[in-house]
Amino acid sequence: MPPGGDALSHGRGLDCWEVRKHNSSEWCHFIRSNPDCRLDGGFLDYLHGVFCVFPPRLLPLAVTLYALWLLYLFVILGVTAEKFFCPNLSAISTNLKLSHNVAGVTFLAFGNGAPDVFSAMVAFSNPRTAGLAIGAIFGAGVFVTTVVAGGIALVKPFTAASRPFLRDVIFYMVAVFLTFVVLYLGRIRLGEALGYLGLYVFYVLTMVLCTWIHRRQRGDGLAPPGPWEPEMPTDVEEPEPSGTNSGDYAEEYRPLLPSQETSLRILTTALSPLDYRKWRRKPWYWRLFKAFKVPVELVLLLTVPVVDPDKDDLNWRRPLNCLHILTSPLLCVLTLKSGAYGLYQIQGIFPVWGLVTLVASALALIIFITTSNEEPPKYHCVFAFLGFLASAMWINAAATELVNILRTLGIIFQLSNTVLGLTLLAWGNSIGDTFSDLTMARQGYPRMAFSACFGGIIFNILVGVGLGCLLQMTGSQPLVKLEPDSPLVWVLAGALGLSLVFSFVTVPAQCFQLGKAYGACLIAYYLLFLCVALLTEFRVIRFSTP
């Protein structure tokens, strides 16, 4: 059995990892005849492509193309979450009149953690890829609490917010301990899955209660933040220095006489993902990355409505929003279960996607006739829910492809799902948080960035494991098996627990004064952990598993 081979499928027949042990002329037959090599969900069969479409001598080319597609999938996840999923969640929380604290630990956390949560849900759907979810959740936890937190301390030494820090670390340690227990038992039952979600609800209630108590103590006044209160940026911006600014450009390009734009012009302007004045001011590498994102943004603009409460017109674009009435439902039925529901024939005659097209077209025509270009309708907030659903389907589809391609790369290179989860999947899903937190620290808000390190990963582990396993349970079998596919899982759990204990002890010992020495220790700890993890994967270091 290869390093880290999947113990679940081993013994039910030939393991798919065995394909590289056969002669290259037998690879395609092995993939086609082995049930363990079937990829659940997804639109592309990556195993069939690499072992049947590409000849053996072009295997490096296939791996290169797969690696580039993997990077582009991370781009799709990032763009969808940042520009479509999160804004619609913000609009929903505004319409529901939620407080900033409740919205931050619920809707905003869901928006920021959407790629991680959806990847975990997809991975938990198949016992053969459950190791990816465990590796990604634990791997991202170690990465964020060491590299990102340490980077913040290196960039901007600061005084940590004591009570929020202790609260978040304690909750996170409880979540890690709970995950360690279910891994040791090898399964998670309905009560345990609900316990994950209940613990997150308790965490939200605790945060709301702490905020309420703090406000009562300071009399709802605008007191300066104490050593335990995370600092928040104000909405007041510094006036720009004299010279040309964006307001001058707005005056220059504003028409002398008010005019009404035609629906065709509104549609073409709304579908343009480029701001040409911004394009001219940006450096070449920004333009290159933007060119890669343009196809994704264009497709998302066509299929996902976005409601922006900060704009006077709420981002109402009548022709485009009416088009969304057709494209968003079609997207949902054609991506759910990889299009199985959308292609289903009603009474063996009429496809579901055809019925959706007819109904949505009629509804879009009614909305177009009864609304105007200038003023959004009263029910415009419904488009935020439609955009939330459509963007969630995009993220789920990209996450499914991501999990399948990672499993394919694991079979090609004889790697376990766990090591792929803690490296590629964890790094890819955490890269956005890393840049945003470090940028926030450089701008003078290190406490907020440091708090975000722990608040986000609490959501990922509790909701990712809890909801991911809960959705896979059925009435006949209310449990999900979580048998570790390699000893690396225990290295991961131990490393994450040890890093949390290290911060829990050393941060109060330093009176919550976090400097460059603390940051350097955390980054050195992650490098040491990564070396031990890789040596364990390749069996240079051997551990006896429970």
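Residues numbered from 1 in each chain as written. Predicted model: local features only at pLDDT ≥ 70, side-chain atom pairs only at ≥ 80, totals over all residues. Heavy atoms only, no water.

## Structural notes on the overall build of the protein chain
Part 1 of the argument: A tally of helices and strands in the protein chain yields 19 helices and six strands.
Part 2 of the argument: Each of the 546 residues in the protein chain was classed as buried or not, and the buried ones make up 47%.
Part 3 of the argument: Taking the intrachain contacts of the protein chain between residues at least 6 apart in sequence as the baseline, contacts between residues at least 24 apart amount to 78%.
Part 4 of the argument: Looking at the protein chain as shown, the accessible area adds up to about 27,400 Å², and 66% of this sits on carbon and sulfur atoms. (Helix = DSSP H or I, 4+ residues; strand = E, 2+ residues; numbered from the N terminus. Buried < 20%, exposed > 50% of the residue type's maximum accessible area, 1.4 Å probe, protein only. Contact = heavy atoms within 4.5 Å. Areas by Shrake-Rupley, 256 points an atom, 1.4 Å probe, with all protein chains shown as cover.)

## Focus on the nonpolar core
Part 1 of the argument: Counting residues in each nonpolar core, the largest one holds 130 residues, and the members touching the most others are Phe-51, Phe-124, Phe-138, Tyr-200, Phe-450 and Ile-461.
Part 2 of the argument: Of all the elements, helix 3 (residues 59-95) adds the most residues to this core, at 15 residues.
Part 3 of the argument: For Ile-461, the residues in contact, after removing those within four places along its chain, are Ile-137, Phe-138, Tyr-172, Ala-175, Val-176, Thr-179, Tyr-196 and Gly-466.
Part 4 of the argument: Residues Ala-91, Ile-92, Val-307 and Ile-367 belong to the second largest nonpolar core, which totals 11 residues. (Core = buried A, V, L, I, M, F, W, Y, C linked by side-chain atoms within 4.5 Å.)

## A short note on a nonpolar patch on the surface
Part 1 of the argument: Together, Tyr-344, Ile-346, Ile-349, Phe-350, Leu-355, Leu-358 and Val-359 line one region of the surface with nonpolar side chains, adding up to about 710 Å² of accessible area.
Part 2 of the argument: With three residues, the top contributor of residues to the nonpolar patch is helix 14 (residues 352-370).
Part 3 of the argument: Its place among the elements puts Leu-358 in helix 14.
Part 4 of the argument: With relative accessibility at 55%, the residue Leu-358 sits in the exposed group. (Patch = residues over 30% accessible without salt bridge, like charges linked within 9 Å, V, L, I, M, F, W, Y side chains within 5 Å. Salt bridge = Lys/Arg side-chain N within 4 Å of Asp/Glu carboxyl O.)

## Considerations on helix 2 (residues 46-53)
Part 1 of the argument: A large share of helix 2 lies buried, amounting to six of its eight residues.
Part 2 of the argument: Those residues of helix 2 that fall on the buried side of the exposure criterion are Tyr-46, Leu-47, Gly-49, Val-50, Phe-51 and Cys-52.
Part 3 of the argument: Buried residues along helix 2 sit against helix 1 (27-33), helix 3 and helix 15 (382-413).
Part 4 of the argument: Where helix 2 begins, the side chain of Asp-45 points an oxygen toward the backbone nitrogen of Leu-47, at a separation of 3.5 Å. (Polar contact = N/O pair within 3.5 Å; in protein donor to acceptor, adjacent residues only side chain to side chain.)

## Here's the deal with the state of the cysteines
Part 1 of the argument: Per the counting criterion, the structure on display carries two disulfides.
Part 2 of the argument: Bridging Cys-16 to Cys-37, the disulfide has an S-S length of 2.1 Å. Given an S-S torsion of about 120°, the disulfide between Cys-16 and Cys-37 has right-handed geometry. Of this pair, Cys-16 sits in the segment before helix 1 while Cys-37 is found in the loop between helix 1 and helix 2, placing the two residues 21 residues apart along the sequence. For the residue pair Cys-16 and Cys-37, the accessibility class agrees, reading buried in each case.
Part 3 of the argument: Note on cysteine connectivity: Cys-28 is disulfide-linked to Cys-52, with sulfurs 2.2 Å apart. Between Cys-28 and Cys-52, the S-S dihedral sits near 105°, and the bridge is therefore right-handed. Highlighted residues: Cys-28 in helix 1 and Cys-52 in helix 2, separated in sequence by 24 residues. Comparing Cys-28 with Cys-52 shows no difference in burial state: the two are buried.
Part 4 of the argument: Disulfide partners in the protein chain, listed by the sequence order of the bonded cysteines, are 1-3, 2-4. (Disulfide = S-S within 2.5 Å.)

## Here's the deal with a positive patch on the surface
Part 1 of the argument: On the surface, Arg-277, Lys-278, Arg-280, Arg-281 and Lys-282 cluster together to form a positively charged patch.
Part 2 of the argument: Mapped onto the elements of the fold, Lys-278 is located in helix 11 (residues 276-281). (Lys, Arg positive; Asp, Glu negative; His and termini not counted. Charge placed at Lys NZ, Arg CZ, Asp CG, Glu CD.)

## Regarding the environment of Ser-430
Part 1 of the argument: Following the sequence through the fold, Ser-430 ends up in helix 16 (residues 417-442).
Part 2 of the argument: Taking the C-alpha atoms as reference points, Ser-430 and Gly-139, 291 residues apart in sequence, are found 9.7 Å from one another.
Part 3 of the argument: Setting aside anything within four residues of it in sequence, one finds Ser-430 in contact with Ala-140, Phe-143 and Val-144.
Part 4 of the argument: Here the side chain of Ser-430 touches Ala-426 through a polar contact of 2.7 Å, landing on its backbone oxygen.

## With respect to the packing of helix 13 (residues 318-335) against helix 14
Part 1 of the argument: Their axes nearest at 9 Å, the elements helix 13 and helix 14 cross at an angle of 165°. Considering their axes alone, helix 13 and helix 14 lie roughly antiparallel with respect to each other. Judged by the twist between their axes, the crossing of helix 13 over helix 14 is right-handed. The segment helix 13 lies against helix 14, with Arg-318, Pro-319, Cys-322, Ile-325, Leu-326, Pro-329, Leu-330, Val-333 and Leu-334 engaging Trp-353, Val-356, Thr-357, Ala-360, Ser-361, Leu-363, Ala-364, Ile-367 and Phe-368. (Axes fitted to C-alpha atoms, helices over the stretch in contact; angles between N-to-C directions. Parallel < 35°, antiparallel > 145°, perpendicular 65-115°, else oblique. Left-handed = near helix turned anticlockwise from the far one by under 90°.)

## Describing the side chain of Thr-145
Part 1 of the argument: Relative to the helices and strands, Thr-145 is located in helix 6 (residues 130-155).
Part 2 of the argument: Side-chain polar atoms of Thr-145 contact the backbone oxygen of Gly-141, separated by 2.6 Å.
Part 3 of the argument: At a separation of 3.4 Å, a polar atom in the side chain of Thr-145 contacts the main-chain carbonyl oxygen of Val-142.
Part 4 of the argument: Non-local contacts of Thr-145, meaning those with residues more than four positions away in its chain, are made with Tyr-172, Phe-454, Ile-457, Leu-496, Ser-499, Leu-500 and Leu-522.

## Looking at the pattern of salt bridges
Part 1 of the argument: Counted under the stated rule, the structure contains seven salt bridges.
Part 2 of the argument: The shortest N-O distance in the salt bridge between Glu-18 and Lys-21 comes to 3.8 Å.
Part 3 of the argument: Its salt-bridge partner being Glu-297, residue Lys-290 comes within 2.9 Å of it at the nearest N-O pair.
Part 4 of the argument: Overall, Lys-290 belongs to the buried group, its relative accessible area being 7%.
Part 5 of the argument: Through salt bridges that share partners, Lys-83, Lys-290 and Glu-297 make up one connected network.

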